[in-house]
Amino acid sequence: RALLIEVRDTIAPVITAALQDAAYEISAAPYTQQISAQDVSGVRYVVNDTRFKIYQNGTFVVPARTTAGIYHVKVTVLDRFSNNVTSSADMTITDTVAPTWAAGFRSSFYLVEYGRTGFKQYVQAKDLDTITHYTVNDTMFLITMFSTLAVIINSTMLNAGTYNIEVRAYDKSGNFAVNGT
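Residues numbered from 1 in each chain as written. Predicted model: local features only at pLDDT ≥ 70, side-chain atom pairs only at ≥ 80, totals over all residues. Heavy atoms only, no water.

A. The pattern of salt bridges, seen in detail. The tally for this structure, following the rule as stated, stands at three salt bridges. The residue Asp49 makes a salt bridge to Arg51 at a minimum N-O spacing of 2.7 Å. Judged by relative accessible area, Asp49 falls into the buried class, the value being 13%. (Salt bridge = Lys/Arg side-chain N within 4 Å of Asp/Glu carboxyl O. Buried < 20%, exposed > 50% of the residue type's maximum accessible area, 1.4 Å probe, protein only.)

B. Inspection of unusual backbone geometry at higher detail. Residue Arg65 is not a glycine yet carries a positive backbone phi of 60 degrees. By secondary structure assignment, the location of Arg65 is in the loop between strand E7 (59-62) and strand E8 (69-79). With relative accessibility at 49%, the residue Arg65 sits in the partly exposed group. One non-glycine residue, Ser82, adopts positive backbone phi at about 70 degrees. Its location among the elements puts Ser82 in the loop between E8 and strand E9 (84-94). By relative accessible area, which is 46% here, Ser82 ends up partly exposed. (Helix = DSSP H or I, 4+ residues; strand = E, 2+ residues; numbered from the N terminus.)

C. Looking closely at the sheet that holds E8. The strand order E2-E9-E8-E5 describes an open sheet built from four strands, whose pairing is mixed. Whereas interior strands pair on both sides, the edge strands pair on one side only; in this sheet they are strand E2 (22-25) and strand E5 (43-47). When the angles between neighbouring strand axes are averaged without regard to direction, this sheet yields 25 degrees. Looking at chain direction, E2 and E9 are connected through four bridges and run parallel. Looking across to E9, one finds that Ala22 is bridged to Met91. (Pairing = 2+ DSSP bridges. Axes fitted to C-alpha atoms, helices over the stretch in contact; angles between N-to-C directions.)

D. Spatial organisation of the sheet that holds strand E6 (residues 53-54). Here we have three strands laid out as an open sheet, ordered E3-E7-E6, and antiparallel in their pairing. Taken across any chain shown, the strands that pair with only one partner, and hence form the sheet edges, are strand E3 (31-34) and E6. Summarising the sheet, E3 and E7 pair through four bridges and their orientation is antiparallel. Residue Gln34 lies in a different strand from E7, and its bridge partner there is Thr59.

By themselves, these observations are geometric and do not establish any function.
Put into structure tokens, the structure is as follows:
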């Protein structure tokens, strides 16, 4: 009679360096963490959110310009036999930096001929997150946004006089830049 031997792997990998909670400012550079796990049959890593990457050497990456927010990330470590263990963490990305002006006012003074010409000015702000809207502080003017570019025009015939307008560009986090400053 033959002896039958069955070899099984029922033991999950062991995490030796877990994914850690992290809080950081939105950035033009990626954020990385190193995690590691061991198993006699080898390991592979899988992340639950397609916005993030996990390389098979255990490098976890939050890509540059990931939108501000709190992300609950789970990395699953599997061995050859699908035994697994998970490591979870919260990635908190904040945006406290105001947008900057890519194209602000060309001048601080404009002369508009009464009854003949209108006022028209293009402005453009940029931000590591998203520019959501622009505002202008005077109802005599309208501001319309096209992508990140905005155009300011007078909404009615302008009376003779001086107008001191303030234009703001806002990002998704509520940060704003004023008049090209």
